[in-house]
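Here is how the chains run, residue by residue.
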2 protein chains.
Amino acid sequence: MAKEKKVEQITDMEQDFAQWYTDVCKKAELIAYSGVKGVFVYRPYGYAIWENIQAILDKMFKQSGHENVYMPMLIPESLLQREKDHVEGFAPECGWVTIGGSEELEERLCIRPTSETLFCDHFKDIVHSWRDLPVKYNQWCSVLRWEKTSRPFLRHREFLWQEGHTLHATKEEAIAETEAQLECYADFCENYLAMPVIRGVKTDKEKFAGAERTYAIECMMHDRKALQAGTSHYFGDGFARAFDIHFTDRNNQQAVPFETSWGLSTRLIGGIIMTHGDNNGLVLPPKVAPIQCVVLPIAQHKPGVLDKAAEVRDRLAKAGFRVKMDDSEQSPGWKFAEYEMKGVPVRLELGPKDIAENQCVLVRRDNGEKVVAPLDRLEPILEKTLQDVHDGLFARAKKNLDEHTYAATSLEEAKALQAEHGGFIKTMWCGDEACELRMKEEAGMSSRCIPFQQEHLGDVCPICGKPAKTMIYWGVAY
Amino acid sequence: MAKEKKVEQITDMEQDFAQWYTDVCKKAELIAYSGVKGVFVYRPYGYAIWENIQAILDKMFKQSGHENVYMPMLIPESLLQREKDHVEGFAPECGWVTIGGSEELEERLCIRPTSETLFCDHFKDIVHSWRDLPVKYNQWCSVLRWEKTSRPFLRHREFLWQEGHTLHATKEEAIAETEAQLECYADFCENYLAMPVIRGVKTDKEKFAGAERTYAIECMMHDRKALQAGTSHYFGDGFARAFDIHFTDRNNQQAVPFETSWGLSTRLIGGIIMTHGDNNGLVLPPKVAPIQCVVLPIAQHKPGVLDKAAEVRDRLAKAGFRVKMDDSEQSPGWKFAEYEMKGVPVRLELGPKDIAENQCVLVRRDNGEKVVAPLDRLEPILEKTLQDVHDGLFARAKKNLDEHTYAATSLEEAKALQAEHGGFIKTMWCGDEACELRMKEEAGMSSRCIPFQQEHLGDVCPICGKPAKTMIYWGVAY
């Protein structure tokens, strides 16, 4: 006889959010530590979430005319140094290859922390005429940044991401691309991950090294801290000039193209955990859940139960749901806890009584609500229940975001609101970095973004008293 | 007016096969050179072939119960050294990271040349009981091997591949897995890439560093050289012992599991080029072709032609074909040459006369054959034509393989056959490495594999005259 497995407990999030987070990452079998500090193993269940994210985004990118490529993982130091701001931002956190085979290299090579320099070096060779533009490329790969601290999904020395790199004949077209890709990310977060976002522009202090302008989407986690979920950068023609990229325009004149890049990484999985999870473990948005519905036969030793459960599983799989049946010898109680920990959006219970009545019971992971489903109409009911879970998760996260976004008109007020409630504090801002630094120093908050959706909260910057230029969001960020 | 683009010529394969190959790689826009020696850029058209290969194999792997994971790209030197044969085989061609951020590392890290050591280090933590077995993992990633020479797709310092790693309770199960995955590769090559293969076992000299036994599939290229297209390794319990992987078996006894790994890489794209290509460029097997059918409107300035062509394109896309329409200003002649160079399996021509007769013309890339297709029945006819291209490619490659596989009963004969015809030479073999070395030295051929399908060609090894153990294939390999 198999011994009953123990259901492992996790720390309550109210007691220790950071420990709760680590517990979920480990107990839901998303990730494991590796032999190299700060580098993690993406386990099958965690990687499957990423595969679903990839499949959706990849389709979106291709529909908007982007093509996938694969660039080298190694960047010669001289290439990295070509754009001044870029190298200053990234060189301090590179991993360097200095030996190849048994020989010391003449020039050391860094493992890509991001690939702007590699794309530019290639663009120089393939772009000659206006007919070659736009170039709209994307790459799925891992990158390396030698961070001092690490946390599963949120901060790895090596992490998986996608990076889009595009080149355009005009500034307007490049800016439109940058904004369109930010909107693509926002759409994806809201409509696939059930994560409401704030769309906006980063301050100069927080923008990407080498960018003229960085757009970002910002999410609020359950502990009311901010997570930057995706960024899109407009480079102007700075990189193109640094890398000697030219083209002959329609008037037969030499011209320099305009560039963008945009990226989204596995840190988003950390965002999913911290947005939707609860004290029973992970809660996955149905559209990226590796298992959307787990079929649990009840009293499975009774005649006909397992056959019927298998029939239901096969029906659902055929209808395109991601479904799994667990007919192991573990108790129903253990199984309930296990699939709650794994965040499966819907549990389907099917016992002898249900079979007699030609029905089953669907249990929602987000709120425990039970839906009795006649087997004749199971597919549309499951479809709707999954959408309800998505909607429920989005509504709860939106409520958290709305309820914990506060307006402040003085530095003292901002400080007090953050100390008491956490969340996002919105204020007016003069645009000076000095005020950003002061907010960081006194209230512990960094600027999150200058939102597209502006409000008029006053005429002056509450930090320095000078005339305000914009409204800005502040928060404590991951 | 747009200037007519020039159709670029490529070298004839009969004149210089190596130059023909490089020309195709460049002119079909599959690959580009990068700033690091031996490292290449996978361009959109080349990468799209790999994406199609990935999609098919990934589905096969998952159907046979494998799960994807992602392991770190960096291996601490001490970890790589754990298995003696393995480190001897791979350490000489590693790239080493010695600096992280601005600090010299205490222990240098190599960029994975392959990931057995990383998987083992993880298996040790996740396998405890027979219930945890089998573990059947796969990973899609890039690996680095500091090769001295390089050729597009065939030999890169960095290349893309998949590596499967599995762990089993018994030796029998592990061997069955190794063989099943080899058969999976053979099935894929023959039925998706139209590349006939020889299935067999590598000699001890040619096996993977650390393996007890390596299985391989070998293909014959158009120039009659051999290409190893995929390998599957049985490790016994050697790695498990070296990495302290244990489990409690069904009888509650401590036991050591058995391991396998298997890999297939982008070198297969090189194999596709050299198996099917011709003097007009690339010829792609339809099942992995990024564009299966290119729609070319003829006399496109005439009223109704472009609309009808777009309608046909949309219909085919909706039916699931990978289709593209080229309505650019280039001449039909230029377009014909362009899509021949790119190896598009079927060209669809549609002009005013065709439209009047409610038909179009399909032209096969493999043999130039024209098929007149009534538009009413276009989808099934295109489907069949694509299958015909696949079958035609396979038959031609099989003929090349069969006609250039020769039996020899003496070393002199083997030498003469190779010198005169190239191809595979099959002989009996005693099993001694000395004879392998001699064949290499005198006839320039390495052992390709000991095929599953054995024939009796004699009683003695033609090299040393000692009693023969098996029949073996020899060839000059990429």
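Reading the values: the criteria
Residues numbered from 1 in each chain as written. Chains lettered and ligands numbered in written order. Predicted model: local features only at pLDDT ≥ 70, side-chain atom pairs only at ≥ 80, totals over all residues. Heavy atoms only, no water. Helix = DSSP H or I, 4+ residues; strand = E, 2+ residues; numbered from the N terminus. Rg over C-alpha atoms; globule rule 2.2 N^0.38 Å. Buried < 20%, exposed > 50% of the residue type's maximum accessible area, 1.4 Å probe, protein only. Areas by Shrake-Rupley, 256 points an atom, 1.4 Å probe, with all protein chains shown as cover. Lys, Arg positive; Asp, Glu negative; His and termini not counted. Charge placed at Lys NZ, Arg CZ, Asp CG, Glu CD. Pairing = 2+ DSSP bridges. Axes fitted to C-alpha atoms, helices over the stretch in contact; angles between N-to-C directions. Contact = heavy atoms within 4.5 Å. Disulfide = S-S within 2.5 Å. Polar contact = N/O pair within 3.5 Å; in protein donor to acceptor, adjacent residues only side chain to side chain. Least-squares fit on C-alpha atoms with pLDDT ≥ 70 in both. Buried area = accessible area lost by both parts, 1.4 Å probe. Salt bridge = Lys/Arg side-chain N within 4 Å of Asp/Glu carboxyl O. Parallel < 35°, antiparallel > 145°, perpendicular 65-115°, else oblique. Left-handed = near helix turned anticlockwise from the far one by under 90°. Phe/Tyr/Trp six-rings, centres within 6.5 Å; stacked < 30°, edge-to-face > 60°. Lys NZ or Arg CZ within 6 Å of the ring centre and 35° of its normal. Expected span 1.5 Å × (residues − 1).

A.B. asks: Describe in detail the overall build of chain A, supporting the description with residues and values.
C.D. replies: When helices and strands are tallied, chain A shows 14 helices and 23 strands. Rg of the C-alpha trace for chain A: 25 Å, near the compact-globule value of 23 Å for 478 residues, within the 12% margin. Across its three principal directions, the C-alpha atoms of chain A cover 80 × 55 × 50 Å. Per-residue burial over chain A gives 59% buried out of 478 residues. About 19,100 Å² of surface is accessible on chain A, with carbon and sulfur atoms providing 47% of the total. Charge-centre separation for chain A: the mean point of 59 positive side chains lies 4 Å from the mean point of 73 negative side chains.

A.B. asks: How would you explain the sheet that holds strand E18 (residues 359-364) of chain B if you had to name every residue and give the values?
C.D. replies: Consider a sheet: its strands pair through backbone hydrogen bonds, and that pairing is either parallel or antiparallel. Residues and elements named next belong to chain B. The strand order across the open sheet built from five strands is E16-E15-E17-E18-E19, with neighbouring strands paired in mixed fashion. Strands with a single pairing partner mark the edges of an open sheet, and in this sheet they are strand E16 (323-325) and strand E19 (370-374). The sheet shows a mean angle of 25 degrees between the axes of neighbouring strands, direction not considered. Note that strand E15 (residues 293-297) and E16 share three bridges and pair parallel. Residue pairing across strands places Cys-293 opposite Val-323, the latter belonging to E16.

A.B. asks: Explain the sheet that holds strand E22 (residues 446-451) of chain B residue by residue, including any values.
C.D. replies: All names here are of chain B. The eleven strands are arranged E3-E7-E8-E14-E11-E10-E9-E22-E23-E21-E20 in an open sheet whose pairing can be described as mixed. Whereas interior strands pair on both sides, the edge strands pair on one side only; in this sheet they are strand E3 (67-68) and strand E20 (405-407). With five bridges joining them, strand E21 (residues 424-429) and strand E23 (residues 470-475) adopt antiparallel strand pairing. Within E23, the position partnered with Ile-425 by the bridge is Trp-474. Strands E20, E21 and E23 of the sheet are contacted by helix H13 (residues 411-421), whose axis makes an angle of about 160 degrees with E20.

A.B. asks: Account for the state of the cysteines, with residues named and values stated.
C.D. replies: In total, this model carries zero disulfides over all chains according to the counting rule given. Between Cys-435 of chain A, a free cysteine, and Cys-430 of chain A, which holds the nearest cysteine sulfur, the sulfur-to-sulfur gap is 3.6 Å. On the accessibility criterion, Cys-435 of chain A (5% relative accessible area) is buried. A disulfide-free cysteine, Cys-219 of chain B has its sulfur positioned 5.0 Å from the sulfur of Cys-189 of chain B, the nearest such atom. For Cys-219 of chain B, a relative accessible area of 1% puts it in the buried group.

A.B. asks: If you had to explain the side chain of Lys-426 of chain A to someone new, which residues and values would you point to?
C.D. replies: All names here are of chain A. Residue placement: Lys-426 occurs in strand E21 (residues 424-429). Since its relative accessible area comes to 13%, Lys-426 is described here as buried. A polar contact of 2.8 Å, which involves the side chain of Lys-426, links it to the side chain of Glu-455. The residues touching Lys-426, leaving out its near neighbours within four places in the chain, are Thr-405, Tyr-406, Ala-407, Ala-408, Glu-455, Leu-457, Met-471, Ile-472 and Tyr-473.

A.B. asks: Tell me what's going on with the relation of the copies chain A and chain B, and back it up with residues and numbers.
C.D. replies: The operation linking the two copies of the chain is a rotation about an axis combined with a translation along the axis. Mapping chain A onto chain B leaves a residual RMSD of 0.0 Å; the transformation is a rotation of 180 degrees accompanied by 0.0 Å of translation along its axis. Read as a symmetry element, the transformation amounts to a two-fold axis. When each C-alpha of chain A is compared by its distance to the rotation axis, Val-97 of chain A comes out closest, at 2.1 Å. A share of 100% of the interface residues of chain A reappears at the interface of chain B, consistent with the copies meeting face to face through the same patch.

A.B. asks: Summarise the interface of chain A and chain B; cite the residues concerned and give the values.
C.D. replies: Often, the extent of an interface is quoted as the loss of accessible area upon association of its parts. The interface is formed by 50 residues belonging to chain A together with 50 residues belonging to chain B. Here chain A packs against chain B, burying approximately 4,100 Å² in sum over the two surfaces, 63% of which is carbon and sulfur. When residues of chain A are sorted by the area they lose upon contact with chain B, Pro-44, Tyr-70 and Met-73 of chain A head the list and together hold 15% of the total. At the junction of chain A with chain B, the criterion picks out two salt bridges.

A.B. asks: A description of the packing of H13 of chain B against helix H14 (residues 433-443) of chain B should follow, citing residues and the corresponding values.
C.D. replies: All names here are of chain B. Contact pair H13 / H14: the axes reach a minimum separation of 10 Å and the direction vectors enclose 45 degrees. The orientation of H13 relative to H14 falls into the category oblique. Of the two possible hands of crossing, H13 and H14 adopt the one that is right-handed. Residues Leu-411, Ala-414, Lys-415 and Gln-418 of H13 touch H14, and the partners they reach there are Arg-438, Met-439, Glu-442 and Ala-443.

A.B. asks: Lay out the packing of aromatic side chains in plain terms, naming residues and giving numbers.
C.D. replies: Tallying each qualifying case throughout the model produces 36 aromatic pairs over all chains. Residues Phe-424 of chain A and Tyr-473 of chain A carry aromatic rings whose centres are separated by 5.6 Å and whose planes lie at 85 degrees to one another, so their mutual orientation is edge-to-face. Taken as a pair, Phe-424 of chain A in strand E21 and Tyr-473 of chain A in strand E23 (residues 470-475) lie far apart in primary sequence, 49 residues in all. As far as the burial class goes, Phe-424 of chain A and Tyr-473 of chain A line up, both buried. Through a chain of ring-to-ring contacts, three or more aromatic side chains come together here, namely Trp-50, Phe-61, Trp-140, Tyr-185 and Trp-262 of chain A. Positioned above the aromatic ring of Tyr-478 of chain B is the side chain of Lys-225 of chain B, whose terminal nitrogen or guanidinium carbon lies 4.9 Å from the ring centre. Here the basic side chain of Lys-287 of chain B rests over the ring of Tyr-192 of chain B, its NZ or CZ set 5.4 Å away from the ring centre.

A.B. asks: Requested: an account of helix H9 (residues 305-318) of chain A, with residues and values cited.
C.D. replies: All names here are of chain A. Counted at 1.5 Å a residue, the expected span for H9 with its 14 residues is 20 Å, and the 20 Å between its end C-alpha atoms agrees. Among the residues of H9, Val-305, Lys-308, Ala-309, Ala-310, Val-312 and Leu-316 are the ones counted as buried. Tucked inside the fold, the buried residues of H9 contact strand E15 (293-297), strand E16 (323-325), strand E17 (346-350), helix H11 (352-356) and helix H12 (378-403). Two residues or fewer after H9 comes Gly-320, characterised by a positive phi angle close to 100 degrees.

A.B. asks: Go over the pattern of salt bridges with me, naming the residues and quoting the values.
C.D. replies: Applying the stated criterion across every chain, the model contains 64 salt bridges over all chains. Where Glu-147 of chain B meets Arg-155 of chain B, a salt bridge forms, and the shortest distance between an N and an O atom there is 3.5 Å. Using a relative accessible area of 17% as the deciding quantity, one classes Glu-147 of chain B as buried. Residues Lys-335 of chain B and Asp-326 of chain B are paired through a salt bridge, measuring 4.0 Å at the closest nitrogen-oxygen approach. Judged by its relative accessible area of 2%, Lys-335 of chain B is buried. Each of Glu-51 of chain A together with Asp-58 and Lys-62 of chain B takes part in one network of salt bridges that share partners.

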